[in-house]
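# Summary of the model geometry
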Amino acid sequence: MPENRDVHVIVRAYNEATTLERVLDELVAAGYSVLVVDDGSHDATSTIAARHAVRIVRHPVNLGPGAALQTGLAAALGDGARRLATFDADGQHQLHDLAACLAPLDAGTADVVFGSRFLRPGDRRSIPWRRRLLLRGSVVVNALLTGAWMTDAHCGLRAMTREAAARIRLRERGFAYASELVDEVRRHRLRLVEVPVTVRYTDYSLRKGQTGWNAVNILLDYLTHKVLR
Amino acid sequence: MTGIQVLLVAAALFWIGRYLAKLRSTHTSRLLAVLAAVVAMTLVLFPEVTVRLAHLFGVTRGVDLVIYLAIVGFGFLWLHLAHRIRELEQKLVELVRAQALAGSGAAAAGPREREPG
């Protein structure tokens, strides 16, 4: 019977002092092994993390979510993780969705699992329409760049096996890592499934999300990554 | 000499002077820099050369040829710089990651060994 302790949950945090406490409380209480990657925060993120029974890896400077994820993968693998997951620090994700993402790994039907906000009408409706538009657009861009039609290219809730994580090598530091991740999955012929998840949007998390302008930057990053690879 | 020729030759000489003054540059790059400046000054002082070259390539004006070559040159330069910057960023990320992992391994115990609260 797979134990939650064998699941290393990577929580990337860049100035998430407002919501980190609750998220860590939840994860630790559920028995997961938690790894916090503090991506050069200059608020109380690390202090708060240190109050919990979690492992902390701290980037002295901010590198970006892609770099933070790769660091998380490296650290978790080094700790002997059998299954790895990523979970947002801003309180948008829910524990039962994490468990849902781990299920296909345990069942042996997938190597990598991506959460998707667009698989159930209820989940779709809870996304603010501007954000929904942006995300739909990113799915199209992702498809053009990777050849893979996902329903949600940018959900931070993911899970993978040790073997999958060991093969993945992300070079993108910024948000364009999501596309590179899909590339890596396809390159190594890993089995990918999408699992429906619900995301709780709050004013806080919406403010922290990507604006339309930033999306242009991310697109340019995708394209440069492809050209200069 | 016309006004523009004086300006461009002065700029080329100033550029050489500044570049050579940087002790960090290698012999090869200094040689290339001097060569580039000499070629530039020659073309500036003897514009007929550019006209002849242009005609060779089917371009009417010497200046047009210089512009076309400059555009291509800048394009390559941009790609080169973008590539270099990306390489530097990669190195930076790897360095920061190595430091972060080394630091955390020593300082923090694994989740099972820590006392909660």
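Right, let's walk through the structure included here. This one's a predicted model, so the numbers in the text were calculated from it and none came from an experiment.

### Section: a nonpolar patch on the surface
Residue and element names in this part refer to chain B. On the surface, a cluster of nonpolar side chains totalling about 820 Å² of accessible area is made up of Met-1, Val-6, Leu-45, Phe-46, Val-49, Leu-53, Leu-56 and Phe-57. Tallying contributions element by element places helix H3 (residues 47-56) first for the nonpolar patch, with three residues. Checked against the element boundaries, Leu-56 lands in helix H3. When its relative accessible area of 70% is taken as the criterion, Leu-56 is described as exposed.

### Remarks on the sheet that holds strand E2 (residues 33-39) of chain A
Residue and element names in this part refer to chain A. The seven strands lie next to each other as E3-E2-E1-E4-E6-E5-E7, forming an open sheet whose pairing is mixed. On the outer flanks of this sheet lie strand E3 (55-59) and strand E7 (192-196), each paired with one strand and no other. Neighbour-to-neighbour, the strand axes of the sheet open up by a mean angle of 20°, direction not taken into account.

### Let's talk about the nonpolar core
The biggest cluster of nonpolar side chains holds 30 residues, and the ones touching the most others in it are Val-9, Val-11, Leu-27, Tyr-32, Val-34, Phe-87 and Leu-98 of chain A. Contributions of two or more residues to this core are made by strand E1 (7-13), helix H1 (17-29), E2, helix H2 (45-50), strand E4 (83-88) and helix H4 (95-107) of chain A. A total of five residues in this core trace back to one element, the largest contributor, which is H1 of chain A. Leaving out residues up to four positions away in the same chain, Leu-27 of chain A has contacts with Val-9, Val-11, Tyr-32, Val-34, Phe-87, Leu-95 and Leu-98 of chain A. The next biggest cluster of nonpolar side chains, apart from the first, holds 27 residues, and it includes Leu-170, Leu-181 and Val-182 of chain A together with Ala-100 of chain B.

### What about the packing of aromatic side chains?
In the structure shown here, the tally under the stated rule is zero aromatic pairs over all chains. Over the ring of Phe-114 of chain A we find Arg-158 of chain A, and its NZ or CZ is 5.0 Å from the ring centre.

### Concerning unusual backbone geometry
One non-glycine residue with positive phi stands out, namely Asn-15 of chain A, at about 55°. Non-glycine residue Arg-189 of chain A carries a positive phi angle of around 50°.

### A short note on helix H3 (residues 65-78) of chain A
Residue and element names in this part refer to chain A. Taking 1.5 Å per residue, 14 residues should reach 20 Å; H3 reaches 20 Å between its end C-alpha atoms and fits that length. For H3, the tally of buried residues reaches 12 of 14 residues, placing the bulk of the element in the interior. Gly-80 lies just past H3 and shows a positive phi near 90°.

### A few points about the environment of Leu-88 of chain B
With respect to the helices and strands, the residue Leu-88 of chain B is situated in helix H4 (residues 62-107). As for Leu-88 of chain B and Val-6 of chain B, which are separated by 82 residues in sequence, their C-alpha atoms are 39 Å apart.

### Comments concerning the environment of Ala-10 of chain B
All names here are of chain B. With respect to the helices and strands, Ala-10 occurs in helix H1 (residues 3-21). Of the residues examined, Ala-10 reaches a relative accessible area of 42% and is grouped as partly exposed. For the pair Ala-10 and Met-41, spaced 31 residues apart in sequence, the C-alpha separation works out to 9.1 Å.

### Points about the interface of chain B and chain A
Counting residues at the interface gives 18 residues for chain B, matched by 27 residues for chain A. Summing both sides of the interface, chain B and chain A together bury roughly 2100 Å²; the carbon and sulfur share of this comes to 58%. The interface formed by chain B and chain A contains two salt bridges. We note a salt bridge from Arg-173 of chain A to Glu-89 of chain B, for which the minimum N-O separation is 3.1 Å. In this structure, the connection of chain B to chain A is made through five residue pairs in polar contact (both at pLDDT 80 or more). Class assignment for the residues of the side of chain B that touches chain A results in seven nonpolar, six polar and five charged.

Each value, and the rule that gives it
- Sequence positions are assigned chain by chain, starting from 1 and proceeding in written order.
- Each chain takes a letter, starting from A, and each ligand takes a number, starting from 1, following the order in which they are written.
- pLDDT decides what is reported in this predicted model: residues at 70 or higher carry local features, side-chain atom pairs at 80 or more are listed and counted, and totals for whole chains, interfaces and linings draw on all residues regardless.
- Side-chain metrics rest on all non-hydrogen atoms present in the structure, leaving aside hydrogens and water.
- To count toward a patch, a residue needs a relative accessible area above 30% and no salt bridge. Like charges then connect within 9 Å, nonpolar side chains (Val, Leu, Ile, Met, Phe, Trp, Tyr) within 5 Å.
- Each accessible area value is a Shrake-Rupley result obtained with a 1.4 Å probe; residue values ignore everything except the protein chains displayed when judging cover.
- Note on definitions: salt bridges are taken to be side-chain nitrogens of Lys or Arg within 4 Å of carboxyl oxygens of Asp or Glu.
- Working definition: helices are DSSP H or I runs of at least four residues, strands are E runs of at least two. Numbering for both runs from the N terminus.
- Partly exposed describes any residue whose relative accessible area lies between the buried limit of under 20% and the exposed limit of over 50%, with all areas from a 1.4 Å probe on protein chains only and scaled to the type maximum.
- Paired strands, in this sense, are two strands between which DSSP finds at least two bridges.
- Under this scheme, a helix contributes an axis fitted over its contacting stretch, all axes are lines through C-alpha atoms, and angles between N-to-C directions fall in the 0 to 180 degree range.
- Residues belong to a common nonpolar core when they are buried Ala, Val, Leu, Ile, Met, Phe, Trp, Tyr or Cys residues joined through side-chain atoms within 4.5 Å.
- Any pair of residues with heavy atoms lying within 4.5 Å of one another is described as a contacting pair.
- Between the rings of Phe, Tyr and Trp (Trp by its six-membered ring), a pair exists once the centres lie within 6.5 Å; its type follows the angle of the planes, with under 30 degrees stacked, over 60 edge-to-face, and the other angles tilted.
- Remark: a charge is flagged as sitting over a ring if the NZ atom of Lys or the CZ atom of Arg is within 6 Å of the ring centre and within 35 degrees of the ring normal.
- By definition here, a helix of n residues has an expected span of 1.5 Å times n minus one.
- Computed with a 1.4 Å rolling probe, the buried area is the accessible surface lost when two parts are put together, summed over both parts.
- For the purposes of these results, a polar contact is taken to be a pair of N or O atoms within 3.5 Å, where, inside protein, one atom must be able to donate a hydrogen and its partner to accept one; residues adjacent in sequence count only when each atom of the pair is a side-chain atom.
- Residue classes follow a fixed rule: Ala, Val, Leu, Ile, Met, Phe, Trp, Tyr, Cys and Pro count as nonpolar, while Asp, Glu, Lys and Arg count as charged, and any other residue, Gly among them, counts as polar.

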